[in-house]
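Architecture and fold: a report
Residues per chain are reported as follows:
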Amino acid sequence: LPIHGIGGIGKTTFARLIYNDPKFNCYSQVWVHVSQRFDSNKIYKSIILQLSGKESLANESEMIHSCFKKLLRGKKILIVLDDLWEDNQFLLQELKDMLYHDESNITILVTTRSERVAERICTNLQPHKILPLTNDMCWDIIKQRSGFKDRNDKEQLMGIGQEIARKCGGVALAALSLGFTLRSMNFDEWMKVKDSDIWNEPVSKDFSLPNQVLASLMLSYSYMSPCLKPCFTYRATFPKGHRIVKDGLIYQWIANKTTLEYAAL
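A few points on the structure. Note that the structure is a prediction, hence the values are computed from the model and not measured.

Next up on the list: the environment of Ile142. Positionally, Ile142 belongs in helix α6 (residues 135–146). Separated by 13 residues in the primary sequence, Ile142 and Lys129 have C-alpha atoms spaced 24 Å apart. Setting aside residues up to four positions removed in sequence, Ile142 forms contacts with Ile164, Ala165, Cys168, Ala175, Gly179 and Leu182.

A separate point is the packing of aromatic side chains. With the rule as written, the count across this model stands at 6 aromatic pairs. Both rings, one in Tyr19 and one in Trp31, keep their centres 5.3 Å apart while their planes meet at 90 degrees; by these two values the pair is edge-to-face. Pair noted here: Tyr19 is in helix α1 (residues 11–19) and Trp31 is in strand β2 (residues 28–35), with a separation of 12 residues, a long-range link. Classification of Tyr19 as buried rests on a relative accessible area of 11%. You can call Trp31 buried: its relative accessible area is 14%. Arranged with centres 5.1 Å apart and planes meeting at 70 degrees, the rings of Trp139 and Phe148 form a pair that is edge-to-face. Residue Trp139 shares its accessibility class with Phe148, and that shared class is buried. Three or more aromatic residues joined by ring pairs form one cluster here, namely Trp139, Phe148 and Trp190.

Here we take up the nonpolar core. The biggest cluster of nonpolar side chains holds 25 residues, and the ones touching the most others in it are Ile43, Ile47, Phe68, Leu81 and Leu84. When contributions to this core are tallied by element, the ones reaching two or more residues are β2, α2 (40–52), α3 (61–72), β3 (76–84), α4 (89–99) and α5 (115–121). Examining the composition of this core, we find that 5 residues originate from one element, α2, more than from any other. The contact partners of Ile43, leaving out residues within four places of it in the chain, are Val32, Val34, Phe38, Leu81 and Leu95. Listed in part, the 23 residues of the second largest apolar core include Ile160, Leu178, Met185 and Val213.

Each regular strand shows side chains that alternate between the opposite faces of the sheet. Direction of pairing for strand β1 (residues 2–4) relative to strand β4 (residues 105–112): parallel, over a ladder of 3 bridges. Bridge pairing in β4 places Pro2 opposite Val110. Relative to β4, β3 runs parallel, the two sharing 6 bridges. Counterpart to Ile79 in the pairing with β4 is Ile108.

Taken as a whole and judged by the stated rule, the model has 5 salt bridges. As a salt-bridge pair, Arg116 and Asp87 come within 3.4 Å of each other at their nearest N and O atoms. In this pair, Arg116 sits in helix α5 while Asp87 sits in the loop between β3 and α4, placing the two residues 29 residues apart along the sequence. Looking at Asp87, the relative accessible area reads 28%, which means it is partly exposed. Residue Asp140 is joined to Lys143 by a salt bridge in which the shortest nitrogen-to-oxygen separation is 3.6 Å. Pair noted here: Asp140 and Lys143 are both in helix α6, with a separation of 3 residues, about one helical turn. The class for Asp140 is partly exposed, based on a relative accessible area of 43%. Residue Lys143 is classed as partly exposed on the basis of its relative accessible area, which comes to 27%. Salt bridges sharing partners connect three or more residues here, namely Glu163, Lys194 and Asp195.

About the cut-offs
Residues numbered from 1 in each chain as written. Predicted model: local features only at pLDDT ≥ 70, side-chain atom pairs only at ≥ 80, totals over all residues. Heavy atoms only, no water. Helix = DSSP H or I, 4+ residues; strand = E, 2+ residues; numbered from the N terminus. Contact = heavy atoms within 4.5 Å. Phe/Tyr/Trp six-rings, centres within 6.5 Å; stacked < 30°, edge-to-face > 60°. Buried < 20%, exposed > 50% of the residue type's maximum accessible area, 1.4 Å probe, protein only. Core = buried A, V, L, I, M, F, W, Y, C linked by side-chain atoms within 4.5 Å. Pairing = 2+ DSSP bridges. Salt bridge = Lys/Arg side-chain N within 4 Å of Asp/Glu carboxyl O.

Take a look at the structure:
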């Protein structure tokens, strides 16, 4: 079941809603973040670990396949392959062959930014494309995240906010980011966000996100409190898709801050 759409549009959020649906409570569930660097062994081992609770030491494809047959036999399983980029037909077919078993009831949900990947990973179903939000939907998200209804100056901000919503390009992540950013801002700061030159800056082709998302994230960072910026940038040390433990991250922040303070003495 392939889901595709541009970055930040809500593919992973949609997949998570399905994953958490009570209808799948009787299923064994697996969530794998695939990412741009496709590594089939890493995918297989992650599935084995989540289904068995044990890390697989097997490296040979025959051994992994044998392990899969035992784990998948006679079970209902929901597997989410999140953020798949690989479009090599051979590798995708190999992945499908590994996960397909006659004796199992396996549902595989795939999220990808590429329509081509979505079509290649599934030939018997029409891929589901997540369409951009309307401007009104983006404005609703911004209002919700910015605490708009509780503001005394909401009548003044209404028109400005609607113009900012149009700059989101229908991308949910852009609206969410801007909503949080605007929460603590006054009228003049809302105007600065609306009129910022960042909306018109060209984006490097190296980026895989729409301009609206990058612009909103850059604006959020530029208006972030100076004491929070190092905490935010520290997260870049974790690979994409890494499951961050909140308390562990906080302790690392504290340790890093203490180290820097000692170094300054």
